[in-house]
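Structural description and commentary
The chain contents come next:
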Amino acid sequence: MEFRDYYQIMGVKRDATQDEIKRAYRLLSRKYHPDVSKEPDAEARFKEMAEAYEVLKDPEKRAAYDQLGANWKAGQEFRPPPDWNAGFEFSGDGSDAGGPAGHSDFFESLFGRSFRPDADGRRSFHAQGEDHHARVLIDLEDACHGATRSISLRLPVVDAKGRVTTRERILNLRIPKGIREGQHIRLAGQGGPGFGEGKAGDLYLQVAFRPHPHFRAEGRDLYVELPLAPWEAALGATVRVPTPGGVVELKIPPNSAAGRKLRLNGRGIPGNPPGDFYAMLQVALPQADTEAAKAVYRNMAEKMKFNPRATLGV
Amino acid sequence: MEKHSEPLVTGRIVEEEIQLTLDDLCVACAVHAERIVELVEEGVLEPAVREPGGWSFGGSSLRRARVALRLQRDLDINLAGAALALELLDEVESLRARLRRIGED
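Residues numbered from 1 in each chain as written. Chains lettered and ligands numbered in written order. Predicted model: local features only at pLDDT ≥ 70, side-chain atom pairs only at ≥ 80, totals over all residues.

Before going further, it helps to examine the overall build of chain A. Along its length, chain A carries eight helices and eleven strands. Taken over 314 residues, chain A has a buried fraction of 24%. Expressed as a percentage of contacts within chain A between residues at least 6 apart in sequence, the contacts between residues at least 24 apart total 57%. (Helix = DSSP H or I, 4+ residues; strand = E, 2+ residues; numbered from the N terminus. Buried ≥ 20, exposed ≤ 12 C-beta atoms within 10 Å, placed from the backbone. Contact = placed C-beta atoms within 7 Å.)

Here it is, written out as structure tokens:
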């Protein structure tokens, strides 16, 4: 397993005070919290940082970690020395770890596995199982038409010995027609098992769309960039446009400028009301790569008296 | 890693088809009812139905509750701070959406 340099992760010196470490955590957690951050790797960074803080904020764990010595480099192959933590006693169970449970192998080799069997002590002898949450990626078309898809989830499970392991679960899921990005699907009884006679918990899946080669979803509306030939934009035309419901013929009014938005009512993501479909017009310029093409452009230049920079006052 | 396959499951869209009871929300967020009541008192959540028999919430409360609780826990901020952050995040998101639309006009 690889050594983790918790000081480097938190951007503090090895002799930083507890206050400095706390301050660094506050700054980094606001920057990388997955609910707040727009950084692409926010979730991974946050998890790494929460783990580093869990060790460094606790004087006992920090002292034990420091004892490994300052010569380790991040990423270096690491094996804990025998009896490395002799003489240290860790109080608490680390259950106040920021973020969802799931420490690195490095952390677990030093401090053992911890898990929160029950964050708030809701258990009694008979109790409902925990609800589980996961994120799934689906295709936009499946949201438009509904579909049955095999979805792979990685779920942490606690085995009989109390160890946390990851289990892959293949879910054969019926995707509800009309679901939008960010919404949740609730699968009743598919969460954690109940205790005693308690019923199983539910599984909540938060839906995100895979990037689509043509369409972009905004709530229930869909957008496509639609390139036009200059003469189609200038003279008007009827052109074929792909939509999730199939190809439609769209009438382009004469003198359509690039950037104009044409709406197809009700052809977005289905629902009550259904979303709309927007074609964002673009004008594609043909290459002047033949004599004939050059002649056409020269002819236009002569006859059109067009100054595209009139608004710039030149 | 152990593999395990499942029969076909059908779910419902939380935001559109589901009203959550107070207990549903507690279980989904793994917290005691008092924490959800605090969120209502702070105005983070608004029960769709307030009856003596109990509250029920629109499905979109699920995301709001979970984000508010996560912010409190991970950023070590109090409830009012989390409520403010949530409001500002909503506003940023709607401004971003407007920006994307204007950028295309």
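Here the narrative resumes.
This brings us to the interface of chain B and chain A. Quite often, the size of an interface is put as the accessible area lost when its parts meet. Each partner contributes residues to the interface: chain B has 34 residues there, and chain A has 36 residues. Elements represented by at least two residues in the side of chain B that touches chain A include exactly strand S1 (5-10), strand S2 (12-13), helix H1 (14-17), helix H2 (22-29), helix H4 (61-75) and helix H5 (79-104) of chain B. Here the element with the most residues in the side of chain B that touches chain A is H4 of chain B; it accounts for seven residues. Grouping the constituent residues of the side of chain B that touches chain A by class yields 18 nonpolar, five polar and eleven charged. (Nonpolar A, V, L, I, M, F, W, Y, C, P; charged D, E, K, R; others polar.)

This paragraph deals with unusual backbone geometry. Residue and element names in this part refer to chain A. Cis geometry marks the peptide bond from Asn-272 to Pro-273; its omega dihedral reads 0 degrees. With respect to the element layout, Pro-273 can be found in the loop between strand S10 (261-264) and strand S11 (277-283). Backbone geometry places Asn-255, a non-glycine residue, at a positive phi of 55 degrees. Tracing the sequence through the fold places Asn-255 in the loop between strand S9 (246-252) and S10.

A sheet is described by the order of its strands in space; here four strands give the open sequence S1(A)-S5(A)-S4(A)-S2(B), paired in mixed fashion. Only two strands of the sheet have a single neighbouring strand rather than two, namely strand S1 (132-138) of chain A together with S2 of chain B. Both strand S4 (residues 184-187) of chain A and S2 of chain B contribute to a ladder of two bridges, which runs antiparallel. What sits directly across from Arg-186 of chain A, in S2 of chain B, is Arg-12 of chain B. (Pairing = 2+ DSSP bridges.)

Next up on the list: the pairing of strand S5 (residues 203-209) of chain A. Residues and elements named next belong to chain A. With seven bridges connecting them, S1 and S5 associate as parallel partners. Looking across to S5, one finds that His-132 is bridged to Leu-203. Two elements, S4 and S5, share four bridges in a ladder whose sense is antiparallel. Residue pairing for S5: His-184 is matched across the bridge by Gln-206.

The next thing to look at is the packing of H2 of chain B against H4 of chain B. Residues and elements named next belong to chain B. Running from amino to carboxyl end, H2 crosses H4 at an angle of 45 degrees, the nearest separation of the two axes being 10 Å. Classified by the angle their axes make, H2 and H4 are oblique. Along this stretch, H2 crosses H4, giving a crossing that reads as right-handed. Side by side, H2 and H4 meet where Leu-25, Ala-28 and Cys-29 of the first sit next to Ser-61, Leu-62, Ala-65, Arg-66 and Leu-69 of the second. (Axes fitted to C-alpha atoms, helices over the stretch in contact; angles between N-to-C directions. Parallel < 35°, antiparallel > 145°, perpendicular 65-115°, else oblique. Left-handed = near helix turned anticlockwise from the far one by under 90°.)

Here we come to the confidence of the model for chain A. On average, residues of chain A score 84 in pLDDT, and 87% of them reach the 70 mark or higher. Confidence drops under pLDDT 50 across residues 115-124 of chain A; counting only partners more than four residues distant or on other chains, this segment forms twelve contacts. (pLDDT = per-residue confidence, 0-100.)

The next subject is helix H4 (residues 59-66) of chain A. For an α-helix the count is 3.6 residues per turn, leaving residues at separations of three or four pointing the same way. All names here are of chain A. For H4, the set of buried residues is Lys-61, Ala-64 and Tyr-65. Projected down its long axis, H4 shows its buried positions confined to an angular sector of 100 degrees, all on one face. Facing away from the buried surface of H4 by more than 90 degrees, the exposed residues are Pro-59 and Ala-63. The inward-facing, buried residues of H4 abut helix H1 (6-10), helix H3 (42-56) and helix H5 (105-111). (Arc of directions from axis to C-beta.)

Another aspect to go through is the confidence of the model for chain B. All names here are of chain B. Scored by pLDDT, chain B has a mean of 87; 91% of the residues are at 70 or more. The weakest mean pLDDT in chain B belongs to S1 at 76; the strongest belongs to helix H3 (residues 33-41) at 93. The ipTM assigned to the predicted complex is 0.81, against a pTM of 0.73.

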